[in-house]
Amino acid sequence: MAEMWNPKEHSQIKESILEKYLGVWYMKITYRFRRAYYVDTCSGPGVFDNGIHGSPMIALKNAFEAWKKHPSCGYEFVFCDAKADVLRRLKENITSFLSCFESGFNSAVQIHFHECDFLEKFDMILNEAKKKETAAFLFIDPFNASTVPFEAIEKAMKGISTEVLFNFMHSDINRNKRLMNSEKTERIMGKGYDQEKLKSVPIIRDRYISDLRERTGAYVTYYTMKTPSESPLYDLIHLTKH
């Protein structure tokens, strides 16, 4: 039986926040840089079974709007997903989606698909993001908190023209904190973090964001997603140096 892909309400809110950031980001950077480099670390199929667009289509649509004003910029996309079938569906959906746009935009677009955990390609991705006259936007949306080390976010923000929108799953950390050893705690929360400080979601989040600001020098804002019962689920964290 084929896996059904339908977004939950908080996922649709997350996609809406991504769209607002990308709309501004593309317009802002495409008149200053020659290359706009968008990375989606857990892309999904691009279109859900109920027809709602996921993050890849949101990125392509906003790039198209920017291209109409700044056609001399190159628009590059990297889509990662660990599941071959999901990536196959994404390729099909993108081919169909691009057919609706002007041919000039399709000529300005380069798309790379990687069947992998994004960390396997992360150094390569960052090397591309730091190329001359390139502005990069990384949408890091993992399946669980343990998949994204603190140092990955820190490393990404070493690029002066890089922005990151990151799903920090603090509820996953809080739920599994009794099973986490010091090594795993430091991997997620950063070096020097005391495991005894994993006391509650607000403490976990506040310390994490404070450390992000200190270690990356970035402006950091966040949006808390909650369950229907108002329990914190995760934070969508945005980092920029602009």
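Residues numbered from 1 in each chain as written. Predicted model: local features only at pLDDT ≥ 70, side-chain atom pairs only at ≥ 80, totals over all residues. Heavy atoms only, no water.

K.L.:
Just to check I follow, could you spell out the overall build of the protein for this structure?
P.N.:
Assigned secondary structure in the protein consists of nine helices and seven strands. Taking 18 Å as the expected radius of gyration for a compact globule of 242 residues, we find that the protein reaches 18 Å, a close match to that expectation. A principal-axis box enclosing the C-alpha atoms of the protein has dimensions of 55 × 45 × 30 Å. Relative to its 242 residues, the protein shows a buried fraction of 51%. Taking contacts inside the protein between residues at least 6 apart in sequence as the whole, the part at least 24 apart equals 72%. Of the roughly 11,800 Å² that the protein leaves accessible, carbon and sulfur atoms contribute 50%. Positive and negative side-chain charges of the protein, numbering 34 and 32 respectively, have mean locations separated by a distance of 4 Å. (Helix = DSSP H or I, 4+ residues; strand = E, 2+ residues; numbered from the N terminus. Rg over C-alpha atoms; globule rule 2.2 N^0.38 Å. Buried < 20%, exposed > 50% of the residue type's maximum accessible area, 1.4 Å probe, protein only. Contact = heavy atoms within 4.5 Å. Areas by Shrake-Rupley, 256 points an atom, 1.4 Å probe, with all protein chains shown as cover. Lys, Arg positive; Asp, Glu negative; His and termini not counted. Charge placed at Lys NZ, Arg CZ, Asp CG, Glu CD.)

K.L.:
Would you explain the pairing of strand β4 (residues 134-140) in this entry?
P.N.:
The side chains of a regular strand alternate between both faces of the sheet. Summarising burial for β4: seven of the seven residues are buried, a large majority. In β4, alternate side chains face the same way, and those of Thr-134, Ala-136, Leu-138 and Ile-140 on one face and Ala-135, Phe-137 and Phe-139 on the other are all buried. With five bridges joining them, β4 and strand β5 (residues 162-168) adopt parallel strand pairing. Each bridged residue has a counterpart across the sheet, and for Ala-136 the counterpart in β5 is Thr-162. (Pairing = 2+ DSSP bridges.)

K.L.:
Quick question: what am I supposed to make of the packing of helix α2 (residues 55-69) against helix α3 (residues 84-98) here?
P.N.:
The N-to-C vectors of α2 and α3 enclose an angle of 25°; their axes lie 11 Å apart at closest approach. Compared by their axis directions, α2 and α3 come out roughly parallel. As for how α2 packs across α3, the hand of that crossing is right-handed. Two secondary-structure elements touch here, α2 through Pro-56, Met-57, Leu-60 and Lys-61 and α3 through Leu-90, Asn-93, Ile-94, Phe-97 and Leu-98. Split into classes, the residues belonging to the contact of α2 with α3 amount to seven nonpolar, one polar and one charged. (Axes fitted to C-alpha atoms, helices over the stretch in contact; angles between N-to-C directions. Parallel < 35°, antiparallel > 145°, perpendicular 65-115°, else oblique. Left-handed = near helix turned anticlockwise from the far one by under 90°. Nonpolar A, V, L, I, M, F, W, Y, C, P; charged D, E, K, R; others polar.)

K.L.:
Just to check I follow, could you spell out unusual backbone geometry for this structure?
P.N.:
In most cases, non-glycine residues show a negative phi, while peptide bonds are predominantly trans. In this model, Glu-133 sits at a positive phi of 60°, which is unusual for a non-glycine residue. Position of Glu-133 among the secondary structure elements: in the loop between α5 (122-129) and β4. Classification of Glu-133 as partly exposed rests on a relative accessible area of 35%.

K.L.:
Mind showing me how you'd approach the environment of Asp-40 here?
P.N.:
You can see Asp-40 is positioned in strand β1 (residues 35-40). Judged by its relative accessible area of 0%, Asp-40 is buried. Each C-alpha atom, one on Asp-40 and one on Phe-113, is 9.9 Å from the other, the two residues being 73 residues apart in sequence. Apart from residues no more than four positions distant in its own chain, Asp-40 is found in contact with Ser-55, Pro-56, Val-78, Phe-79, Cys-80 and Phe-139. Here Ser-55 takes part through its side chain, which lies 2.5 Å from a polar atom of the side chain of Asp-40. (Polar contact = N/O pair within 3.5 Å; in protein donor to acceptor, adjacent residues only side chain to side chain.)

K.L.:
Which parts of the structure should I look at to understand the sheet that holds strand β6 (residues 219-226)?
P.N.:
Read from one edge to the other, the open sheet built from seven strands follows the order β3-β2-β1-β4-β5-β7-β6, with strand pairing classed as mixed. This sheet does not close on itself; its edge strands, each paired only once, are β3 (109-115) and β6. On average, each strand axis in the sheet is tilted by 10° relative to the strand beside it, whichever way the strands run. Each of β1, β2 (74-81), β3 and β4 is contacted by α2, which is oriented at about 180° to β2, the strand it contacts most.

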